[in-house]
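Geometric and topological summary
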Amino acid sequence: MALRENRANVTCMSFLSLGLTEPLQRAVAAWHYEEPTPIQAAAIPAILRGADVWASAQTGSGKTAAFALPLVQKLAAARRPHGRYVSALILVPTRELATQVVEAVRRYARYLPQPLKTLVAVGGLSINPQMLALGGGADLLVATPGRLLDLIDHNALSLAEVSVLVLDEADRLLDLGFKAELDRIVGLLPARRQSLLFSATFPPEVQTLAAALLRDPLRIETPDTAENTPEILQRVIEVDAPRRTQLLRHLVETNGWSGVLVFVATKYTCEHVAEKLVRAGIAAAALHGELSQGARTQALADLKAGKVKVLIATDLAARGIDIPKLPAVVNYDLPRSAVDYTHRIGRTGRAGEAGVAISFVSAGTHAHFRLIEKLHSLTLEREQIAGFEPRETEVVTPLVAPDGGGIKGRRKSKKDKIREVAARAVGEPVPVRVVPPRPARVVSPRTGGGF
Ligand code: AMP
């Protein structure tokens, strides 16, 4: 791929000047979008003229509309699908994101004189209705890779006439291990097509994917200006791990949030914390990968509708999920990585709204949070809440052997590091590796402290 480092000049303008037709302009007006966000201003004209696009954007920056508005306009003007063919394919990493994206597309297509046929194909639901719905083809299919391939294997659709491919959250698709599926899907697409790739981060695997997929793409990077940066107040509260649920309950009761998304590390904690809050009379629900698709959809819909005030979720809900006007996110357990931190807190402070993101840190997780801060060049003040002051003190982990290391068996092994990251993510004290005079090596007992 000859990548044209054609960084878009992102400036503010009106939807009128972007080349959108009247039905699309009516749709954005109906949704009270007054002006395009920077990524929309850059991407919409490029997509309309048929260019491949490789874009990154802040969470909540209007990325979906940036590809969905021009895509809808192109599909409205294109030949109708037939047989088992689909005209446009959007690949997403999660079922929730698939539903959200198709809902956005339908919103933007609402005023077209001829309706578009838009379908979703995701796992966790019976395949038969999806196969039936694909009869006669579709203008647009939003799919997760696994289910898409199942449908192809059942002969329910063909990708041979896809004219536009969108990869949304490409880095997450790869994180979730969809590389082999993506390779197979790309092999089934026609060579002549338009490809759009959206990714929050650009690890080498995404760059390889981009090189394989895109032809002379327009590279769009929205600058980190105050205007593009979500207004999220980041707070860090010190609390002993076993008291986190009580503190959470206190915060929910005293802050008057209309809704809050709480991230935890495991399905067990998810259920357990939700149950405790419900018993305390708080409208809470759990969202994790072991629930049925119906229950997952319902939990999110209930939070959006205000029926549920506190949604306890695993990282399943960290990416792409749009809960308009969500005022708060809580990291009950810290995220594993600095990138996950960005995605989690990005569920609040969306579309110009202000939000607060609170992270709980306990004796065993201070060091992990400092690492997240370091990677984001952040220094956040530590707070304590009256009545919840921590009693446990930080477990100090020497990063290198006091003698400077360099002796075989005295540096942390890869396994030690993995264990530490896992322990930190679930809020357990990190197994401390004390380095005494050789040859003894002691690993501290893992005391309680997880939820
Ligand atoms: P996204 O980043 O695509 O998840 O979008 C985040 C939120 O911003 C969604 O609720 C969109 O409806 C909203 N949105 C998208 N574009 C605009 C715009 N130009 N003006 C105001 N809100 C927007």
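Residues numbered from 1 in each chain as written. Predicted model: local features only at pLDDT ≥ 70, side-chain atom pairs only at ≥ 80, totals over all residues. Heavy atoms only, no water.

**A few points about the sheet that holds strand S8 (residues 231-238)**
Short version of the rule: Note: two strands are recorded as paired if DSSP finds a minimum of 2 bridges between them. Think of it this way: any DSSP run of H or I at least four residues long counts as a helix, any run of E at least two long counts as a strand, and we number them from the N terminus. The criterion used for residue contact is that any of the two residues' heavy atoms lie within 4.5 Å. To get an axis, fit a line to the C-alpha atoms, keeping to the stretch in contact for a helix; angles then go from 0 to 180 degrees between the N-to-C directions.
The seven strands lie next to each other as S10-S11-S9-S12-S13-S8-S14, forming an open sheet whose pairing is parallel. The open sheet has two edge strands, strand S10 (284-287) and strand S14 (382-383), and neither has a second partner. Each of S10 and strand S11 (310-313) touches helix H11 (residues 267-279); the most contacted strand, S10, lies at about 170° to it. Contacts from helix H12 (residues 293-305) reach strand S9 (260-263), S10 and S11 within the one sheet, and its direction differs from that of S10 by about 140°.

**Let's talk about helix H2 (residues 38-48)**
This is how the line gets drawn: Exposure is judged per residue with a 1.4 Å probe applied to protein chains only, and the accessible area is read against the type maximum: over 50% gives exposed, under 20% gives buried, and values in between give partly exposed.
Taken across its eleven residues, H2 has nine buried, putting it largely inside the fold. All of the buried residues along H2 are Pro 38, Ile 39, Gln 40, Ala 41, Ala 42, Ala 43, Ile 44, Ala 46 and Ile 47. Buried-residue contacts for H2 involve strand S1 (53-56), helix H3 (63-77), strand S6 (194-198) and strand S7 (218-221).

**What about the packing of helix H4 (residues 95-108) against H12?**
Basically, it comes down to this: Oblique is the label for any angle not under 35 degrees, not over 145, and not in the 65 to 115 range, which are roughly parallel, roughly antiparallel and roughly perpendicular in turn. Crossings are classed by handedness, with left-handed meaning an anticlockwise turn of the near helix from the far one by less than a right angle and right-handed meaning a clockwise turn. When residue character is reported, Ala, Val, Leu, Ile, Met, Phe, Trp, Tyr, Cys and Pro are called nonpolar, Asp, Glu, Lys and Arg charged, and the others, Gly included, polar.
The interhelical angle for the contact between H4 and H12, taken along N-to-C directions, is 55°, at an axis separation of 10 Å. The angle between H4 and H12 falls in the class oblique. Where H4 crosses over H12, the handedness of that crossing is right-handed. In contact with Arg 95, Glu 96 and Gln 100 of H4, H12 contributes Gln 293, Arg 296, Leu 300 and Lys 304. In the contact of H4 with H12, the residues fall into one nonpolar, two polar and four charged.

**Things to note about the nonpolar core**
Defined as follows: The definition of a nonpolar core used throughout is a set of buried Ala, Val, Leu, Ile, Met, Phe, Trp, Tyr and Cys residues joined through side-chain atoms within 4.5 Å.
Counting 44 residues, the largest nonpolar core has Phe 67, Leu 69 and Ile 90 as the members making the most contacts within it. Of the residues forming this core, the biggest block, eight residues, is contributed by H3. Sequence-distant contacts of Leu 69, that is, excluding residues within four places in its chain, are made with Phe 15, Leu 20, Leu 24, Val 28, Ile 44 and Tyr 108. Judged by nonpolar contacts, the second largest core, of 34 residues, contains Leu 148, Leu 159, Leu 174 and Ala 210.

**Overview of the packing of aromatic side chains**
This is how the line gets drawn: Working definition: a ring pair exists when centres of Phe, Tyr or Trp rings (six-membered ring for Trp) sit within 6.5 Å. Plane angles under 30 degrees give stacked, over 60 give edge-to-face, the rest tilted. Only Lys NZ and Arg CZ are tested; either one counts as a charge over a ring when it is within 6 Å of the ring centre and within 35 degrees of the ring normal.
One pass over the full model with this rule turns up four aromatic pairs. Aromatic pair Phe 67 and Phe 198: ring centres 5.2 Å apart, planes at 50°, arrangement tilted. With Phe 67 in helix H3 and Phe 198 in strand S6, the pair connects residues that are 131 residues apart, well separated along the chain. The same class applies to Phe 67 and to Phe 198, which are both buried. When the centroid spacing of 6.2 Å and the interplanar angle of 50° are considered together, the rings of Tyr 332 and Phe 360 count as tilted. Of this pair, Tyr 332 sits in the loop between strand S12 (328-331) and helix H13 (338-345) while Phe 360 sits in strand S13 (residues 354-361), and the two are 28 residues apart along the sequence. Judged by its relative accessible area of 0%, Tyr 332 falls in the buried class. Across from the ring centre of Trp 31, 4.4 Å away, lies the NZ or CZ of Arg 107, which sits over that ring.

**Observations regarding the pairing of S6**
Across the five residues of S6, five count as buried, placing the element largely inside the fold. Side chains of S6 alternate between two faces, with Gln 194, Leu 196 and Phe 198 and Ser 195 and Leu 197 buried alike. Pairing of S1 with S6 involves three bridges; the strand directions are parallel. Residue pairing for S6: Val 53 is matched across the bridge by Leu 196. Judged from the four bridges that link them, strand S5 (residues 164-167) and S6 form a sheet pairing that is parallel. Pairing of Val 166 across the sheet is with Leu 196, part of S6.

**A short note on the pattern of salt bridges**
Short version of the rule: Take a side-chain nitrogen of Lys or Arg and a carboxyl oxygen of Asp or Glu: if they are within 4 Å of each other, that pair is a salt bridge.
Tallied over the entire structure, the rule returns 16 salt bridges. Here Glu 253 makes a salt bridge to Arg 249, at a shortest N to O gap of 3.3 Å. Separated by four residues within a single helix, Glu 253 and Arg 249 lie in helix H10 (residues 244-255), roughly one turn from each other. Glu 253 gets classed as partly exposed once you look at its relative accessible area, which sits at 49%. Of the charged contacts in the structure, one is a salt bridge between Asp 315 and Arg 344, with a shortest N-O distance of 2.8 Å. With Asp 315 in the loop between S11 and S12 and Arg 344 in helix H13, this pair connects stretches of sequence that are 29 residues apart. A residue is classified by how much of its surface remains accessible, and Asp 315, at 21% relative accessible area, is partly exposed. Assessed through its relative accessible area of 1%, Arg 344 is described here as buried. Beyond isolated ion pairs, a larger network of salt bridges with shared partners links Lys 63, Asp 168 and Glu 169.

**Thoughts on unusual backbone geometry**
Positive phi values are uncommon outside glycine, yet Asp 216 reaches one of about 45°. Summarising the element assignment, Asp 216 is placed in the loop between helix H9 (204-213) and S7.

**A closer look at the sheet that holds S5**
The strand order S3-S4-S2-S5-S6-S1-S7 describes an open sheet built from seven strands, whose pairing is parallel. The sheet is open, and its two edges are formed by strand S3 (118-121) and S7, each paired on a single side. Pairs of neighbouring strands in the sheet enclose a mean axial angle of 15°, with direction left out of account. As paired elements, S1 and S7 share four bridges and run parallel to each other. Pairing of Ser 56 across the sheet is with Glu 221, part of S7. Across the sheet, H9 touches S1, S5 and S6, and the angle it forms with S6 is around 170°.

**So, H9**
Going by this rule: Regarding the arc, it is the one traced by the directions from the helix axis to the C-beta atoms.
Taken as a whole, H9 has its buried residues at Val 206, Leu 209, Ala 210 and Leu 213. Projected onto a plane normal to the axis of H9, the buried residues spread over an arc of 100° and lie on a single side. Summarising the geometry of H9, the exposed residues directed more than 90 degrees from the buried face are Pro 204, Thr 208 and Ala 212. On the buried face of H9, the contacting elements are S1, S5, helix H7 (170-175), helix H8 (179-188) and S6.

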